[in-house]
Each structure stands twice: as structure tokens, then as C-alpha cells.
Amino acid sequence: MKKDEAPQDNIAMYHGGRKALYAVADEGKFEITQSSGWSVEEMATLQAVDEFERLEREAYSEFSEGKNSPLGVWMYRRRMSIATLSQCSDFWQWSIKRHLKPDVFKRLSPKKIALYCDVFDITAAELFNPKEPK
Amino acid sequence: MSKAFVHSHAAHCESGVVSSLLTHAGYPISEAMAFGIGNGLTFAYLPIVKIDGMPLVAYRMPPKSILKTVEKRLGLEVKIKKYSNPQSAREDLIKMVDAGKFVGLQTSVFYLPYFPPEMRFHFNAHNLVVYGKNDTGFLISDPVFEHPVEAEFNALDKARFARGVFAPKGACYTIEKIPERIDLAKAIKKAINRTCNMMLYTPFPWVGLRGIGMMKRAILKLPTHPHKRYASLYLGHIIRMQEEIGTGGGGFRLMYAAFLSECAEVLGREELKTASSMMGEVGDKWRVFALSCSKACKGNEYSVEEIAQKLQECRDSEERVYRFLKGLKL
């Protein structure tokens, strides 16, 4: 990649920032050059963000129908999967899967609720009543 | 140690921090050089280790490995500290900063307030340098950002004590001592040979050139996956691992090309310039591969055979570079 071939796609998620790339300068030497983003990279990142948002919306509609506990909504809102949440909370993956059921979630001890609140950085009231995703 | 800190913009967090700390400790070294002698370059494809349901794809060695390898190769004395609670970690950091030290930290990306929201994911092995503090927080030189940034005390505590894979546990490190004489040429030769051997002759099927072959076979099998969205998410995941997470382009291959061209000057071997431009072409091929993956992600018509073919070209041209380097008998 030559220095003037470094992508300058001004991608929105950099918020005006730029990233360092290595490219060939005039005398054939590699140098750091600033790039305002590559649309290929932007697409891949936004795809990952969108996937979490899609899962969050899905979890929310199941929550409002009473088929799912609010835990799923917060999990995806914090960009976590069951595996990530398990690593961050010390709960086993199978217990988290149980806690996703509304009946089981209702019976959770205050101690366990406090643990989830700590992981998500929210209050218990917020945990039980997540706002509708945008 | 000089008081003033000069921020420099780098492509990758760990090599950037190592370069910055060493430079301020009195041994100026570029990011590419730190990455190269730290044996940062590799390829690994681990289908058993999942990141949000996707296999781990890595273009560089595991976290901390650059720091530790550079320490060993140059004979430095690096002090790494971990903490059991945020209070003592913060107090200790304040003490070090007040004493005029520049401190490297391992943190999570998700909790760093200055990261753009779209780019915050649960990745715990980010590196940055703390070079001072003000009333509300720490002054930070994050190598992947163009300018110095700041983070409030509480926010940085959270980032330093995030849990999960690679949990940082407040890890911080300082360079305590640099030997009077450093044989850079020797370190370079050792590092290049080690990288070539790993890529060419690894006994593990998921590492090096064999790993690239394994990923290629996985791509060819994508159309048989029961979930429709999986193929698109999978290819997007590869692009992110290769281009988004601060690799300097082409999955660190372009940075390695920069390293090789610096080596040509240090060792006085013209052939390394050839190796450098060969590696540059490898980096470009990886970017072409990313481009063809992205067309598939957008939902356009695509053929996995074509994508796999692009990947095969990356693999073959990489092999030529390593064989060429081995032939130099450094």
C-alpha cells in the first residue's frame, strides 16, 4: 500500500479521529500514515454492533411478552454473550441460561441480583425494568 | 528520566506502549522494531476458543508476549505488578506518577470513556501509558489515538479491573533498567528466525501457515452452516480481527514490512529491503482478501471459492517471504 492509497473514507465511528496505518512513502520505505478509516472496516464493525442491537430488540420483545427475563436485554445491551457474561459474573453458563427464564429470575436472591447489577453497572430497579431499545 | 512526555501515534497498542516506554527510558526504538524483535507476528486460528460465538482469529502473539519478548531480547528489567483491589492499585499508580514515572497499563476497552461507543467491545488486553494526573483523573497516552487523552479515576479503575478472559487485574508495568550495551543486531536475527520457524514449521495445525490453511477449509464449509446469517457474521469477524483492532493494516503484515526495512539498515543487508517489499505485498494481499470478504457480508452474491482463493494467495506469498528470509542465513 502506498501512502496516497491509504483509505480516507472519513468513517463516522472515528468521530473525526484518525488511525495509524503502515504504508510505503516515496523512497520505498514504510512509514506510519494517518487514515480517517476504511469503509470495509466500518462495515464489519457496524455489522457486529447491529447484531448485538438486533439481539437486544429481540430479547426486549420477548421480555415484554413475558417469555424472557430482563437479564437478556441487559446482557446484549452491554454487548455480551452468555459466555462473556459468565466470565464477567462468575455464574456458570447454564445458570445464566436458567436466569433468562422469567420464573427463575423472579426468585433470584438479592445477592445474585446485586451481582448482576454490579456487572451491568445499574440499579436493581433498572435491571427489572429495562427501557425500550431505540 | 526526562519529565516531559511526548505522545506518539502507533498502529498497535502493545508495541506502541513498549516503543513509547523504551524511548522515554532512554532507548529510542520505533513501534515496528518493538513489534519485530518482540516476535509479535503470527497467525492462529482456534475454532475451539470462541469470541461471542466466533472462532478466535489472531494475526499476532497473545497479549503481553511482545513486552516479555522485548524484555528478554534486549535484557531489560521490567517490573510488572498486579493488584487485588482497585483502591491500592489507584494509590500505587498515583505514587508512581507523582515520582515522575511513565507507567504502562493493561485495561479493558469497553470501559474506557474516550473510546468511540461503536468501538467498545469486551476486550481486556488493551495497553496504554499513564504519564500524569490532574484533579479529576489520569493523563493517558493511548498509542492508537492521535492525541493524548484523559480518563477519570473511577472509569480507569473499572477498565483496569474488568473481568473475563485476559482479566487485567490492575496490571501495570514500568521499565526499571536498560543495560548499558544492547546488541540490537543479535536480537533482530534471533527474532526473525524465530518468526520464520513458527510460521513455516509449527507442529500445531492451527498456527502459522497451517492455520491459514485451516481457516481456508472453514471458509469453504460456510455454505453448509444451518444459520443463514452465520457466514456473513463470520467473514465480518475475520475483517475485524484483521483490520479494526489496530493492526496497522493487513493483519500486522505491513508493520512487519516496516520492521524488515529498518533491519536492512541496522544489519546493512540489502536483501532485507527485498524481503520488506515482499512482505508489503503480502499485506496488500490480505487487504484484498478483506475486501472480498466485505462484499460477501453486504449480502451481495459471492462465492466462497473465490474468497478461499484470495486467502490461498496470501498464504503462498507469505511462505515465499519466510523461505527467502531463511535463505539469508541471518
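From a predicted model like this one, the values you see are computed outputs, not experimental measurements.

Q: An account of the packing of helix α1 (residues 39-64) of chain A against helix α8 (residues 228-244) of chain B is needed here, citing residue identities and associated values.
A: Taken N-terminus to C-terminus, the directions of α1(A) and α8(B) make an angle of 130°; their axes are 8 Å apart at the nearest point. As far as their axial angle goes, α8(B) and α1(A) are oblique. The way α1(A) lies across α8(B) gives a crossing that is left-handed. Contacts between α1(A) and α8(B) involve Val40(A), Glu41(A), Met43(A), Ala44(A), Thr45(A), Gln47(A), Ala48(A), Glu51(A) and Arg54(A) on the former and, on the latter, Arg229(B), Ser232(B), Leu233(B), Gly236(B), Ile239(B), Arg240(B), Glu243(B) and Glu244(B). Residue composition of the contact of α1(A) with α8(B), by class: six nonpolar, four polar and seven charged.

Q: Now, about the domain arrangement of chain A: what can you tell me, with residues and values included?
A: Interface size is often expressed as the accessible area that is lost when the parts come together. By the assigned domains, chain A splits into domain 1 (3-37) and domain 2 (47-128). Here the C-alpha centroids of domain 1 of chain A and domain 2 of chain A sit 39 Å apart.

Q: Residues and numbers for helix α1 (residues 13-24) of chain B, please.
A: Residue and element names in this part refer to chain B. Counted at 1.5 Å a residue, the expected span for α1 with its 12 residues is 16 Å, and the 16 Å between its end C-alpha atoms agrees. Where burial is concerned, most of α1 is hidden: 11 out of the 12 residues are buried. Taken as a whole, α1 has its buried residues at Cys13, Glu14, Ser15, Gly16, Val17, Val18, Ser19, Ser20, Leu21, Leu22 and His24. Looking at the residues trailing α1, positive phi occurs at Gly26, about 105°.

Q: Break down the domain arrangement of chain B for me, with residues and values.
A: All names here are of chain B. Entries for chain B in the domain assignment read domain 1 (13-177) and domain 2 (184-327). Computed from C-alpha atoms alone, the centre-to-centre distance between domain 1 and domain 2 is 25 Å. Opposite the 29 residues of domain 1 that make contact, domain 2 presents 38 residues. Buried surface at the junction of domain 1 and domain 2, summed over both partners, amounts to about 3,100 Å²; 72% is from carbon and sulfur atoms. By the criterion of area lost to domain 2, the three top residues of domain 1 are Leu41, Phe43 and Tyr59, representing 25% of everything that side buries. Put simply, domain 1 and domain 2 have zero salt bridges between them. Inspection of the region where domain 1 meets domain 2 yields 10 residue pairs in polar contact (both at pLDDT 80 or more). Of all the secondary structure elements, the ones that give two or more residues to the side of domain 1 that touches domain 2 are α2 (31-37), β1 (41-51), β2 (54-60) and α3 (65-74). Take the side of domain 1 that touches domain 2: its biggest share by element is eight residues, from β1. Taken together, the residues that form the side of domain 1 that touches domain 2 break down as 20 nonpolar, six polar and three charged.

Q: Tell me what's going on with the packing of aromatic side chains, and back it up with residues and numbers.
A: Tallied over the entire structure, the rule returns 21 aromatic pairs over all chains. A centroid spacing of 5.7 Å and a plane angle of 40° characterise the contact between Tyr230(B) and Tyr234(B), whose relative ring orientation is tilted. Of the two residues, Tyr230(B) and Tyr234(B) are both situated in helix α8; the distance of four residues between them amounts to about one turn of the helix. Side by side, Tyr230(B) and Tyr234(B) carry an identical accessibility label, which is buried. Ring centres 5.1 Å apart and planes at 50° place the aromatic pair Tyr256(B) and Phe259(B) in the tilted group. Of the two residues, Tyr256(B) and Phe259(B) are both situated in helix α9 (residues 253-267); the distance of three residues between them amounts to about one turn of the helix. When sorted by exposure, Tyr256(B) lands in the same class as Phe259(B), which is buried. Ring-pair connections join several aromatic residues into one group, and the members of that group are Trp74(A), Phe91(A), Tyr116(A) and Phe120(A). Sitting over the ring of Trp38(A), Arg287(B) keeps its end group 4.1 Å from the ring centre.

Analysis parameters
- Residues numbered from 1 in each chain as written.
- Chains lettered and ligands numbered in written order.
- Predicted model: local features only at pLDDT ≥ 70, side-chain atom pairs only at ≥ 80, totals over all residues.
- Heavy atoms only, no water.
- Axes fitted to C-alpha atoms, helices over the stretch in contact; angles between N-to-C directions.
- Helix = DSSP H or I, 4+ residues; strand = E, 2+ residues; numbered from the N terminus.
- Parallel < 35°, antiparallel > 145°, perpendicular 65-115°, else oblique.
- Left-handed = near helix turned anticlockwise from the far one by under 90°.
- Contact = heavy atoms within 4.5 Å.
- Nonpolar A, V, L, I, M, F, W, Y, C, P; charged D, E, K, R; others polar.
- Domains from an automatic or database assignment.
- Expected span 1.5 Å × (residues − 1).
- Buried < 20%, exposed > 50% of the residue type's maximum accessible area, 1.4 Å probe, protein only.
- Buried area = accessible area lost by both parts, 1.4 Å probe.
- Salt bridge = Lys/Arg side-chain N within 4 Å of Asp/Glu carboxyl O.
- Polar contact = N/O pair within 3.5 Å; in protein donor to acceptor, adjacent residues only side chain to side chain.
- Phe/Tyr/Trp six-rings, centres within 6.5 Å; stacked < 30°, edge-to-face > 60°.
- Lys NZ or Arg CZ within 6 Å of the ring centre and 35° of its normal.

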